[in-house]
Amino acid sequence: MEARKVRTRVAPSPTGDPHVGTAYMALFSLCFARQHGGQFVLRIEDTDVARSTPESEAKILDSLRWLGLDWDEGPDKGGPYGPYRQSERKAIYGGYAQTLIDAGHAFPCFCTSERLDEMRREQMQRGETARYDGHCMHLPAAEVATRLPNEAHVVRMKVPATGTCIVNDRLRGEIEIDWAQIDMQVLMKTDGNPTYHLAVVVDDHLMEITHIIRGEEWINSAPKHVLLYEYFGWEMPEIIHMPLLRNPDKSKLSKRKNPTSIGFYERMGFLPEAVINYLGMLGWSMPDGEEKFSLQEMIKQFDLSRISLGAPVFDIAKLKWLNGRWLRENLSDEAFADKIIEWAYNRENLLKVIPLIKERVDVFSDVGPMAAFLVDGLPAYDESAFNTKQQSLDEIKRVLQFAVWRAEALSDWQHDTLNQLFVDLAEALTMKIRDVLGPVFVAISGKPVSPPLFDSMALIGPDMSRARLRHAIEVLGGVSKKQLKKLEKEYAGLAA
C-alpha cells in the first residue's frame, strides 16, 4: 500500500491576538511537512461565533506571514479541500452528526443547564468525576422523534463506561486513559454549530491530514478523537503532542506573566528570523547543538526524534540575546539602517505621528522626545512617575487592571472606540475621567504628559498598548492572586 503524502495543519481560532503558541505549532507542522515534501495547511476554526472576528483572523494571517511561516492551502489561497474556514463548512458537520446518531454512536440530549449543574454538583459531592450521566441516551425513539422539532437539544457522543483507551503518540508512545474519565462530549450545539471535537475530526479527515502536531493540553481530549475516527471507520492521523511553552516560573505561558502576542514582538523590533529561531530551539535542537539557525536550516535538519519533552521556558531575555546575534551577525550597516527605517521611521508611520506633535514643534530637535513613544518598547520608569498623592498604588493598579481587561475585549482599535472605552470605564468606576486617564498616560508614554493619548494608542497598536498597561502594573509591584481574585469579582459586577 502506497504511503499517504504528508499533510499537516495549524488551525487557530480567531478570538484574540495571534499567540506565540500558534506560531510554535505552525513552525513544527511546517518543518515536518516541508522535510517530507508534503503540504502545510492553514485552517481557521471560527465556530465560536460570539468571539470570532474577521479582524483577529487578519492579524493571525499577517503575523504568520511576518514570521515567514507560509502555507500551501488556506482561506486566502484556497485549495482542493476548501473552504478553509469552519464557519463556511457548517452544512458539512450536521450530516456527520446524523451519521453517528443513525449508527447508534451519538444521541440527542434535551437536558437543561439547570439539570446538568445539579447532576455535576451531586457527582462532585460523591467524589466522582463530573461527567454526563447518560440520562437521554436511552430515551424511546418515539419520544425523541416527538421532542426533536420542539425542544432545544444538543447531540452527544456515546463513550464506553469502562475500559481503557490507548492513544498512540509519536513522541510519547502509548498513553492509557480510562474511559471513566472521558465525558460524553457534545458534538453539535443547540444553535446547530459543531463543537471543536466533531469539527476538527471531520475537517482533518476531509482535508487528508496525515500528522497532527498540537500542544500536550489536548492529550486528555485525544480519546474522544480516537473514538470518533473509530466510529466513522476512518484512518487516524498520527498524533504528536508538543510540550507546552512555559513562563520562567514553569507555569503555562500566559499574557499575565509574559507577552504572548506575536504582534508585540514585531512592535518591539525583534527580527522575525530570530523569533522563529527561538521558537525552534525551545522544543528542538540542531544535530551540532548550534542555537542560531534559520528556518531553512531547521527544515533541512528536522527530525521529530530531536524534539525534547521537557518544559520549554519562554524567556524574553534569551530571545533578546538571540535577536542581538541576528542583528550583529546577519545585517550589514546598510541593512541595519534599512530595517530601522522599515520598522519605525518609514514615511507611513511618520505621516501618522506628525499630526500628533506638529503643533508643539518649533525645531526638528523637538521631534525626538515627542515621538519617542513610537519606538519605545516598554518605557523605563518607576513608581515615582505616577501621581500617588492623588491616588494610592492599589487604586492606580485597579484602574490599570480594569483598563487592560477592557482593552483586551476591544476589537475596533481606533481613537473614537478607545475614547468611549475610557469614558465608559470612568462611569462604571464612578471616577472622574482625568483620574482614570492619568495612570494610563504614564503607562503608555512613560510620562505624565504625552501626545494625544487615544491617537497614540491607536498608532502604536493594541499589542503594544496592552503590553504597556500590563508592564505598568508590574512596575507598581504587580497584583497578588488574592488581589486579582477580588478585582475579577468587582470587574464581573461592573460588566453585569
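Think of each chain on its own: its residues are numbered from 1, step by step along the sequence as written. Local features in this predicted model are restricted to residues of pLDDT 70 or higher, and side-chain atom pairs are both shown and tallied only at a pLDDT of 80 or more, whereas totals for entire chains, interfaces and linings draw on every residue. The side-chain quantities take in all heavy atoms of the structure and omit both hydrogens and water.

- An unreviewed UniProt entry lists the protein chain under the name Glutamate--tRNA ligase, with SAR86 cluster bacterium as the source organism.
- UniProt positions are given in the numbering used here, feature names are shortened, and annotations may be inferred rather than shown by experiment. The heading Subcellular location (unreviewed entry) in the UniProt record of the protein chain holds the text "Cytoplasm".
- Under the Catalytic activity (unreviewed entry) heading, UniProt states for the protein chain: "tRNA(Glu) + L-glutamate + ATP = L-glutamyl-tRNA(Glu) + AMP + diphosphate".

**A word on the side chain of glutamine 86**
Right, on to step 1. Labels follow the DSSP assignment, with helices taken as runs of H or I lasting at least four residues and strands as runs of E lasting at least two, numbered in each case from the N terminus. In this structure, glutamine 86 sits in the loop between α2 (54-66) and α3 (90-102).
Right, on to step 2. Of note is the side chain of glutamine 86, whose polar atom sits 3.0 Å from the side chain of aspartate 203.
Right, on to step 3. Not counting the four nearest positions on each side in its chain, glutamine 86 is found in contact with Arg43, Ile44, Glu45, Asp46, Thr47, Tyr93, Ala199, Val200 and Asp203. Any pair of nitrogen or oxygen atoms within 3.5 Å is treated as a polar contact; in protein, a donor-acceptor pairing is required on top of that, and neighbouring residues in sequence qualify only through side-chain atoms on both sides. Contact between two residues is taken to exist if any of their heavy atoms lie within 4.5 Å; hydrogens are not considered.

**Details of the packing of helix α13 (residues 347-357) against helix α14 (residues 367-375)**
Right, on to step 1. An axis is simply a line fitted to the C-alpha atoms; with a helix, the fit covers only the stretch in contact. Between two such axes, the angle follows the N-to-C directions and lies from 0 to 180 degrees. Remark: α13 packs on α14, axes separated minimally by 10 Å, with the N-to-C direction vectors making an angle of 125 degrees. Judged by the inter-axis angle, α13 sits oblique to α14. Helix-helix and strand crossings are classified by hand; for α13 and α14 the assignment is right-handed. Where α13 approaches α14, its residues Val353, Leu356 and Ile357 are matched on the opposing element by Val367, Met370, Ala371 and Phe373.
Right, on to step 2. Residues are grouped as follows: Ala, Val, Leu, Ile, Met, Phe, Trp, Tyr, Cys and Pro are nonpolar; Asp, Glu, Lys and Arg are charged; all remaining types, including Gly, are polar. Residues of the contact of α13 with α14, tallied by class, amount to seven nonpolar, no polar and no charged. Should an angle lie under 35 degrees it is considered roughly parallel, over 145 roughly antiparallel, and from 65 to 115 roughly perpendicular; all remaining angles are considered oblique. Two helices cross in a left-handed way if the nearer one is turned anticlockwise from the farther one by less than a right angle. They cross in a right-handed way if the turn is clockwise.

**What to know about empty space enclosed by the protein**
Right, on to step 1. Both site types are read off a 1 Å grid over the protein atoms alone. A 1.4 Å probe that fits but cannot get out defines a cavity, while an open set with protein on both sides within 12 Å along at least five of seven lines defines a pocket; lining residues have an atom within 4 Å of a point. Grid points are joined across faces, edges and corners, and a volume is the space filled by probe spheres set on the points. This model, assessed by the stated rule, comprises one cavity of 30 Å³ or more.
Right, on to step 2. In terms of lining residues, the largest cavity is bounded by Arg9, Val200, Val201, Asp204, Ile212, Arg214, His225, Tyr229, Met236 and Ile239.
Right, on to step 3. If you list the elements that add at least two residues to the lining of the largest cavity, you get α6 (196-206), β8 (211-215) and α7 (222-232).
Right, on to step 4. Among the elements that line the lining of the largest cavity, the one with the most residues is α6, at three residues.
Right, on to step 5. By residue class, the composition of the lining of the largest cavity is six nonpolar, one polar and three charged.

**A word on a negative patch on the surface**
Right, on to step 1. Where like charges cluster on the molecular surface, the negative patch consists of Asp333, Glu334, Asp338 and Glu342.
Right, on to step 2. Secondary-structure assignment places glutamate 342 in helix α12 (residues 333-343). A patch consists of residues whose relative accessible area exceeds 30% and which take part in no salt bridge; residues with like charges are grouped when within 9 Å of each other, and nonpolar side chains (Val, Leu, Ile, Met, Phe, Trp, Tyr) when within 5 Å. Only the protein chains shown count as covering a residue, and every accessible area follows the Shrake-Rupley method with a 1.4 Å probe. Here a salt bridge means any side-chain nitrogen of Lys or Arg lying within 4 Å of a carboxyl oxygen belonging to Asp or Glu. Charge counting follows a simple rule: Lys and Arg are positive, Asp and Glu are negative, and His as well as the terminal groups are ignored. In plain terms, the charge of a residue is placed at NZ if it is Lys, CZ if Arg, CG if Asp and CD if Glu.

**A short note on the pairing of strand β1 (residues 7-10)**
Right, on to step 1. Working definition: with a 1.4 Å probe on protein chains only, accessible area under 20% of the residue-type maximum means buried, over 50% means exposed, and in between means partly exposed. Burial along β1 is two-sided: Arg7 and Arg9 and Thr8 and Val10, pointing in opposite directions, are all buried.
Right, on to step 2. Each parallel crossover has a hand, and the one from β1 via helix α1 (residues 20-35) to strand β2 (residues 39-42) is right-handed. When the strands point away from the viewer, a crossover counts as right-handed if the route from the first strand across the helix to the second turns clockwise.

**Remarks on the nonpolar core**
Right, on to step 1. The term nonpolar core refers to a set of buried residues drawn from Ala, Val, Leu, Ile, Met, Phe, Trp, Tyr and Cys, joined through side-chain atoms within 4.5 Å. With 100 residues, the main nonpolar core has Phe28, Leu69, Phe314, Leu400 and Phe422 as its most contacted residues.
Right, on to step 2. Counting residues in each nonpolar core, the second largest holds 41 residues, with Ala106, Cys136, Val186 and Val201 among its members.

**What about the pattern of salt bridges?**
Pairing is possible between side chains of opposite charge, provided their charged atoms come close.
Right, on to step 1. Counting across every chain of the model gives 32 salt bridges.
Right, on to step 2. Between aspartate 48 and arginine 51 there is a salt bridge, with the nearest N and O atoms lying 3.3 Å from each other.
Right, on to step 3. As a salt-bridge pair, glutamate 151 and arginine 147 come within 2.9 Å of each other at their nearest N and O atoms.
Right, on to step 4. Classification of glutamate 151 as partly exposed rests on a relative accessible area of 31%.
Right, on to step 5. One network of salt bridges, with partners in common, ties together Arg9, Arg43, Glu45, Arg89, Asp203 and Asp204.

**With respect to the environment of valine 375**
Right, on to step 1. Its place among the elements puts valine 375 in helix α14.
Right, on to step 2. Judged by its relative accessible area of 22%, valine 375 is partly exposed.
Right, on to step 3. Between the alpha carbons of valine 375 and arginine 267 there is a distance of 8.3 Å; along the sequence they are 108 residues apart.
Right, on to step 4. Residues within four places of valine 375 in sequence aside, it is in contact with Trp343, Ala344 and Tyr345.

**Quick look at the sheet that holds strand β3 (residues 106-109)**
Right, on to step 1. The strand order across the open sheet built from three strands is β3-β4-β7, with neighbouring strands paired in antiparallel fashion. Each end of this open sheet is capped by a strand with a single partner; those strands are β3 and β7 (186-188). Averaged over all pairs of adjacent strands, the angle between strand axes in this sheet comes to 40 degrees, irrespective of strand direction. Strands pair, by our definition, only if DSSP identifies at least two bridges between them.

**Remarks on the UniProt feature "domain: Glutamyl/glutaminyl-tRNA synthetase class Ib catalytic" (unreviewed entry) in the protein chain**
Right, on to step 1. On the UniProt side, "domain: Glutamyl/glutaminyl-tRNA synthetase class Ib catalytic" (unreviewed entry) is annotated at positions that read residues 5-321 here.
Right, on to step 2. Between the end C-alpha atoms of residues 5-321 there is a gap of 39 Å, over a span that is 37% helix and 13% strand.

**Looking at the packing of aromatic side chains**
Right, on to step 1. Any Phe, Tyr or Trp ring, taking Trp's six-membered ring, that has another such ring centre within 6.5 Å forms a pair; planes under 30 degrees apart are called stacked, those over 60 apart edge-to-face, and the others tilted. Throughout the structure, instances matching the rule amount to 19 aromatic pairs.
Right, on to step 2. Joined through ring pairs, the aromatic side chains of Tyr24, Phe28, Trp284, Phe293 and Phe302 make up one cluster.
Right, on to step 3. Lying across the ring of tyrosine 132, arginine 156 places its NZ or CZ 4.1 Å from the centre. Geometrically, a charge over a ring is one whose NZ (Lys) or CZ (Arg) sits within 6 Å of the ring centre while staying within 35 degrees of the ring normal.

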